[in-house]
Amino acid sequence: MEKTKLDALDNEIIRLLTENGRMPIGEMVKKLNVTYPTIRHRISVLEKNGILKVSGLIDPDKHPKMITALVAMSVRSAGKIDQILDKIAELPNVAWAAVVTGRYDIIAEVICVEGKDELYRFTSETILKMGNVIRSETFILMKSKNNWLGLPRSVEEI
């Protein structure tokens, strides 16, 4: 994956949108002292290149039943770790997945809006059906700070 070099203006636009994803372009024009078309074009390029994605996030602590967990997995990869990562990332409830160093091969953030029963089904059925997961360990987030979440695609209602 090729890294894209960002200039100072790109970084400032990203910083502003990170602080407030709904910030009007007109407000950015005033803060950054550049034209409306320049900012609109820069945002468009950042989005097109997959560098920036503006989305709504939720605070899981405000939801009565929602559980967020990190599921660490050891997998039998046979040289196909990227394909296994893709499969795990597409599973229901998975917000993101990553290949990591250490005692596990892959860690995924799992969001369960229906609570512990849903998490149990995910860890005891969903990942085991893949056939590649040898062992897993689940870490439930008991309390967190600044943990704003984007919901996985499979979550239709919270």
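Let me begin by describing the structure that accompanies this report.

Procedures and definitions
Residues numbered from 1 in each chain as written. Predicted model: local features only at pLDDT ≥ 70, side-chain atom pairs only at ≥ 80, totals over all residues. Heavy atoms only, no water. Axes fitted to C-alpha atoms, helices over the stretch in contact; angles between N-to-C directions. Helix = DSSP H or I, 4+ residues; strand = E, 2+ residues; numbered from the N terminus. Parallel < 35°, antiparallel > 145°, perpendicular 65-115°, else oblique. Contact = heavy atoms within 4.5 Å. Nonpolar A, V, L, I, M, F, W, Y, C, P; charged D, E, K, R; others polar. Pairing = 2+ DSSP bridges. Buried < 20%, exposed > 50% of the residue type's maximum accessible area, 1.4 Å probe, protein only. Arc of directions from axis to C-beta. Core = buried A, V, L, I, M, F, W, Y, C linked by side-chain atoms within 4.5 Å.

Here we look at the packing of helix 1 (residues 8-19) against helix 3 (residues 36-48)
- At their nearest, the axes of helix 1 and helix 3 sit 10 Å apart, and the two run at 85 degrees to each other. Here helix 1 is positioned roughly perpendicular relative to helix 3, judged by the angle of their axes. In this structure, helix 1 uses L9, D10, I13, I14 and L17 to contact helix 3, whose residues at the interface are T38, I39, R42, I43 and L46.
- When the residues that make up the contact of helix 1 with helix 3 are grouped by side-chain class, the tally is seven nonpolar, one polar and two charged.

Considerations on the sheet that holds strand 3 (residues 106-112)
- Pairing in this open sheet of four strands is antiparallel, and the strands run 2-3-1-4 from one edge to the other. Edge positions in the sheet fall to strand 2 (94-99) and strand 4 (133-140), since each of these pairs with one other strand and no more. Between one strand axis and the next, the sheet turns by 20 degrees as a mean value, whatever way the strands run.
- Where strand 1 (residues 67-75) lies against strand 4, seven bridges are found, and the strand directions are antiparallel. In the strand pairing of strand 4, A72 is matched with E137.
- Sheet contacts for helix 4 (residues 81-89): strand 1, strand 2 and strand 3; angle to strand 2, the most-contacted strand, approximately 165 degrees.

Description of unusual backbone geometry
- Positive phi, normally seen in glycine, also occurs at N33, with a value near 60 degrees.
- Given the relative accessible area of 71%, N33 is considered exposed.

Quick notes on helix 2 (residues 25-32)
- Buried residues of helix 2: I25, M28 and L32, and no others. Projected down its long axis, helix 2 carries its buried residues within an arc of 50 degrees, all on one side.
- Packed against the buried residues of helix 2 are helix 1 and helix 3.
- The positive-phi residue at the C-terminal boundary of helix 2 is N33, with phi of around 60 degrees.

A look at the nonpolar core
- Formed by 20 residues in total, the largest nonpolar core has its most connected members in M73, I88, I106 and V110.
- For this core, the secondary-structure elements that each account for two or more residues are strand 1, helix 4, strand 2, strand 3 and helix 5 (116-126).
- When residues of this core are assigned to their parent elements, the largest contribution, five residues, is made by strand 1.
- The contact partners of V110, leaving out residues within four places of it in the chain, are I67, T68, A69, V71, N93, V94, L119 and F122.

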